[in-house]
Amino acid sequence: MRKNLIIKIVSIIGVLILIAGATIYFFRQENEVKTVTDEGTSGDIINEVMTSNSGFLPDEQGEFPDWIELYNPTNGDINLYGFGLSDDETTPIKFALPDITIKSKGYLIVFASGKGISALDQPFAHTNFRLNSKGDIIILSNRAGQVLDRIDLEPIPTNISIGRLVGDAETL
């Protein structure tokens, strides 16, 4: 029963992500984006963000937390074990990602719910922090705390996501 529910949720998420691609609100702004190399990974992998999810993309409990989409632009798989997400420059690994792999050219949704769930037996990871729709930062760091990617977010309306243009790491 739970397996069928998870399959349905994942299917719904897939459809919603396709719909999101058609409704993304793109900002043309100067964002401080830092990209470095870590074990063969390079490029922007914070791909899309929704800071005020109020009925757009549900989590496994039917709630609508904010979310961050990570993207692997490389030709190889990336294991994220020990990588960190944060909304605080002084703590680059505020939330340690679980032992999960993003396939080449693949995506991963991480909910920014404040629940701090990283157990592999759960369908989704949930950061231990929430995003601020009035403006925030998102930092992705490697195991050593070195910043791989950073996005400074301007205010974003409810149920609107922002995403990067393909091949343009500098523009949201």
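Here, every reference points to the structure presented above.
Residues numbered from 1 in each chain as written. Predicted model: local features only at pLDDT ≥ 70, side-chain atom pairs only at ≥ 80, totals over all residues. Heavy atoms only, no water.

Asker: Please explain the packing of aromatic side chains as it appears in this structure.
Answerer: Each aromatic ring pair is described using two quantities: the centre-to-centre distance and the angle formed by the ring planes. All told, the structure shown has two aromatic pairs when counted by the stated rule. Considering the side-chain rings of Phe 111 and Phe 124, the 5.2 Å spacing of their centres and the 85° angle between planes classify their relative orientation as edge-to-face. Note that Phe 111 is positioned in strand β7 (residues 107-112) and Phe 124 in the loop between β7 and β8 (125-126), a separation of 13 residues in sequence. Of the residues examined, Phe 124 reaches a relative accessible area of 11% and is grouped as buried. (Phe/Tyr/Trp six-rings, centres within 6.5 Å; stacked < 30°, edge-to-face > 60°. Helix = DSSP H or I, 4+ residues; strand = E, 2+ residues; numbered from the N terminus. Buried < 20%, exposed > 50% of the residue type's maximum accessible area, 1.4 Å probe, protein only.)

Asker: How do you make sense of the sheet that holds strand β4 (residues 84-86) when you look at a structure like this?
Answerer: Within a sheet, each strand pairs with its neighbour through backbone hydrogen bonds, oriented either parallel or antiparallel. Across the sheet, which stays open at both edges, the four strands sit in the order β5-β4-β9-β10 with antiparallel pairing between neighbours. Where the open sheet ends on each side, the last strands, each with one partner, are β5 (95-96) and β10 (147-153). Two elements, strand β9 (residues 136-141) and β10, share six bridges in a ladder whose sense is antiparallel. Counted as the bridge partner of Ile 138 is Ile 151 from β10. (Pairing = 2+ DSSP bridges.)

Asker: What's the story with the sheet that holds β8 in this structure? I'm lost.
Answerer: Strand order in this open sheet of five strands is β8-β7-β2-β1-β11, and the pairing throughout is mixed. Sheet topology places β8 and β11 (162-163) at the edges, where each strand pairs with a single neighbour. Here strand β1 (residues 46-50) runs beside strand β2 (residues 66-71); their pairing, made up of four bridges, is antiparallel. Opposite Met 50, over in β2, you have Trp 67 as the bridge partner.

Asker: So what exactly am I meant to see when it comes to the nonpolar core here?
Answerer: A general trend in soluble globular proteins is that nonpolar side chains are found buried together. Of all hydrophobic cores here, the largest spans 25 residues; its most connected members are Ile 46, Ile 68, Leu 70, Leu 80, Leu 85, Leu 97 and Ile 138. Looking at this core, the elements that each hand over two or more residues are β1, β2, β7, β9 and β10. Sequence-distant contacts of Leu 80, defined by excluding residues within four places in its chain, comprise Leu 70, Leu 97, Pro 98, Ile 100, Ile 102 and Leu 108. Counting residues in each nonpolar core, the second largest holds seven residues, with Phe 56, Leu 57, Trp 67 and Ile 109 among its members. (Core = buried A, V, L, I, M, F, W, Y, C linked by side-chain atoms within 4.5 Å. Contact = heavy atoms within 4.5 Å.)

Asker: Is there a simple way to think about the pattern of salt bridges in this case?
Answerer: Between side chains of opposite charge, a pair can form as their charged atoms come close. Following the criterion strictly, the structure yields seven salt bridges and no others. Put simply, Asp 77 and Lys 103 hold a salt bridge, and the shortest N to O gap is 3.6 Å. Of this pair, Asp 77 sits in the loop between β2 and β3 (78-79) while Lys 103 sits in the loop between β6 (101-102) and β7, and the two are 26 residues apart along the sequence. You can call Asp 77 partly exposed: its relative accessible area is 47%. Close ionic contact of Asp 152 with Arg 150 constitutes a salt bridge, the shortest N to O distance being 2.8 Å. Overall, the relative accessible area of 8% leaves Arg 150 in the buried class. The network of salt bridges with common partners includes Asp 59, Glu 63 and Lys 115. (Salt bridge = Lys/Arg side-chain N within 4 Å of Asp/Glu carboxyl O.)

Asker: Looking at this structure, I do not really get the pairing of β7. What am I missing?
Answerer: Consecutive residues of a regular strand have side chains that alternate between opposite faces of the sheet. Summarising burial for β7: five of the six residues are buried, a large majority. Where β2 lies against β7, six bridges are found, and the strand directions are antiparallel. Opposite Asp 66, over in β7, you have Ala 112 as the bridge partner.

Asker: I would appreciate a short explanation of the environment of His 126 in the present structure.
Answerer: Here His 126 lies in strand β8. Ignoring anything within four residues of it in the chain, the contact list for His 126 reads Asp 59, Glu 60, Pro 65, Phe 95, Phe 111, Ser 113, Lys 115, Gly 116 and Ile 117. In terms of polar contacts, His 126 uses its side chain to reach the side chain of Glu 60, at 3.0 Å. Among the polar contacts listed, one links the side chain of His 126 to the side chain of Ser 113, at a separation of 2.8 Å. (Polar contact = N/O pair within 3.5 Å; in protein donor to acceptor, adjacent residues only side chain to side chain.)

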